[in-house]
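# Coordinate inspection notes
Below are the chains, spelled out letter by letter.
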Amino acid sequence: RYATMIESVDNAVGDLLGRLDAHGIADNTIVVFVSDNGGLSAHARGGMKNTHNAPLRSGKGSAYEGGTRVPWIIRWPGVATPGDRIDTPVVTNDLSPTLLHAAGAGASFPKEHHVDGRDLQPALAGHPLPDRTIGWHQPHQWGAPGPGIEPFTAIRHGRWKLICFHDGPRFELYDMATDLSETHNLLDTHPEVAQTMLDRLHTWIRQTGADLSVDRTTGAPIIIPRALPITHTSTTIAPPS
């Protein structure tokens, strides 16, 4: 059943691209193929696991890469070079300013109007973009339990990713340049990096107005500390297979 769903998507995308060609507008059309969640692997449906996301850890609903990293393909004639791969981290919030600027509407916003995301046309044209903080925020329990499937706030800046699980709160730090599977929690060995990332997490929460989980015993939002404890418990898990 899962395979037939994927086949249906493949066929539909092919039909869409074929229709653009038939109308003679393919060279004047931007096509974006992207998913809204990581693949379903963290829990079973119908008694079977449908997919896995190796080497990414866990799946849909998780704070780990298997739950947040998704397919993203853009066909943009005259801008994106077919076959190019861009490793700059982006988020779906970038679609709005990217497509608005492509349509010539980006300059119509008043200066005081904040738009989440940034225009990706320079990156698609081969120009590097500066590092920035991007985040994922889930202040509720999603679906069945599984690795990283619990209320969390996570940010990525450059090669570093910090996850704050709201229960505790508890923190995990990963180097995405060397540990895509998120198997080594580096809080012990990189406390300065962890503190810098925690500062960025607080800034991101403030700038986005993200609502935190509520403590059921007090009815008040949880409190994320401003400083990390002096000691942490580092963990190493087996990589996904």
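Everything that follows concerns the structure shown earlier in this document.
Notes on the structure follow. This structure is a prediction, so every number in the text was calculated from the model and none was measured.

So, on to the packing of aromatic side chains. All chains considered together, the criterion is met by 2 aromatic pairs. Seen from their ring centres, Y64 and F165 are 6.1 Å apart, and the 65 degrees between their planes marks the pair as edge-to-face. Of this pair, Y64 sits in the loop between β1 (31–34) and α2 (65–68) while F165 sits in strand β5 (residues 160–165); the two residues are 101 residues apart in sequence, bridging distant segments of the chain. On the numbers, 6.3 Å between centres and 75 degrees between planes, the contact of Y64 with Y174 is edge-to-face. Here Y174 lies in strand β6 (residues 170–175) and Y64 lies in the loop between β1 and α2, a separation of 110 residues in the sequence.

The first and last C-alpha atoms of helix α5 (residues 191–208) sit 25 Å apart over 18 residues, in line with the 26 Å expected at 1.5 Å per residue. Three or more residues of α5 are buried, namely A194, M197, L198, L201, H202, W204 and I205. Each buried residue of α5 sits inside an arc of 160 degrees when the element is viewed along its axis, so together they form one side. For α5, the exposed residues lying more than 90 degrees away from the buried face are E192, R206 and Q207. Backbone geometry just downstream of α5 places G209 in the positive-phi region, at approximately 70 degrees.

Attention now moves to the sheet that holds β5. Sheet strands pair by backbone hydrogen bonding; their relative direction is either parallel or antiparallel. Read across the sheet, 4 strands follow the order β3-β4-β5-β6 without closing on themselves; strand pairing throughout is antiparallel. One side of each edge strand has no neighbouring strand; the edge strands of this open sheet are β3 (133–138) and β6. In this sheet, neighbouring strand axes are inclined to one another by 15 degrees on average, regardless of whether the strands run parallel or antiparallel. Where strand β4 (residues 152–157) lies against β5, 6 bridges are found, and the strand directions are antiparallel. Bridged to T153 within β5 is C164. Across the sheet, α5 is in contact with β3, β4, β5 and β6; its angle to β4 comes to roughly 115 degrees.

Take the side chain of T153 next. Along the chain, T153 falls in strand β4. The class for T153 is buried, based on a relative accessible area of 0%. Among the polar contacts made by the side chain of T153, one reaches the side chain of H137 at a distance of 2.8 Å. For T153, the side chain forms a polar contact with the side chain of H166, separated by 2.9 Å.

This part covers the pattern of salt bridges. Applying the stated criterion to the full structure yields 7 salt bridges. Note that E65 and K161 form a salt bridge whose closest N and O atoms lie 2.7 Å from each other. Here E65, found in helix α2, pairs with K161, found in strand β5; they are 96 residues apart in sequence, far enough to count as distant. Residues joined in a network through salt bridges with shared partners are E65, R69, K161 and E182.

Further remarks concern the nonpolar core. In this structure, L162, F171, L173, L201 and I224 are the most contacted members of the largest nonpolar core, which totals 18 residues. If you list the elements that add at least two residues to this core, you get β5, β6 and α5. Broken down by element, the residue count for this core peaks at 6 residues, all from α5. With residues up to four places along the chain from it excluded, the contact list for I224 reads C164, P169, F171, L198, L201, H202, I205 and L212. Core analysis: the next-biggest nonpolar cluster, separate from the first, contains 8 residues, A63, I163, Y174 and M176 among them.

Its place among the elements puts T203 in helix α5. By relative accessible area, which is 27% here, T203 ends up partly exposed. As a C-alpha pair, T203 and T133 span 70 residues in sequence and 9.4 Å in three-dimensional space.

With that settled, consider unusual backbone geometry. Along the chain, A54 connects to P55 via a cis peptide bond; the corresponding omega equals 10 degrees. If you trace the backbone, P55 turns up in the loop between β1 and α2. In this structure, S58 is a non-glycine residue whose phi angle is positive, near 65 degrees. Looking at the secondary structure, you find S58 in the loop between β1 and α2. We classify S58 as buried; its relative accessible area is 12%. A positive phi angle, close to 50 degrees, is found at E182, a residue other than glycine. Tracing the backbone shows E182 in the loop between β6 and α5.

About the thresholds
- Residues numbered from 1 in each chain as written.
- Predicted model: local features only at pLDDT ≥ 70, side-chain atom pairs only at ≥ 80, totals over all residues.
- Heavy atoms only, no water.
- Phe/Tyr/Trp six-rings, centres within 6.5 Å; stacked < 30°, edge-to-face > 60°.
- Helix = DSSP H or I, 4+ residues; strand = E, 2+ residues; numbered from the N terminus.
- Expected span 1.5 Å × (residues − 1).
- Buried < 20%, exposed > 50% of the residue type's maximum accessible area, 1.4 Å probe, protein only.
- Arc of directions from axis to C-beta.
- Pairing = 2+ DSSP bridges.
- Axes fitted to C-alpha atoms, helices over the stretch in contact; angles between N-to-C directions.
- Contact = heavy atoms within 4.5 Å.
- Polar contact = N/O pair within 3.5 Å; in protein donor to acceptor, adjacent residues only side chain to side chain.
- Salt bridge = Lys/Arg side-chain N within 4 Å of Asp/Glu carboxyl O.
- Core = buried A, V, L, I, M, F, W, Y, C linked by side-chain atoms within 4.5 Å.

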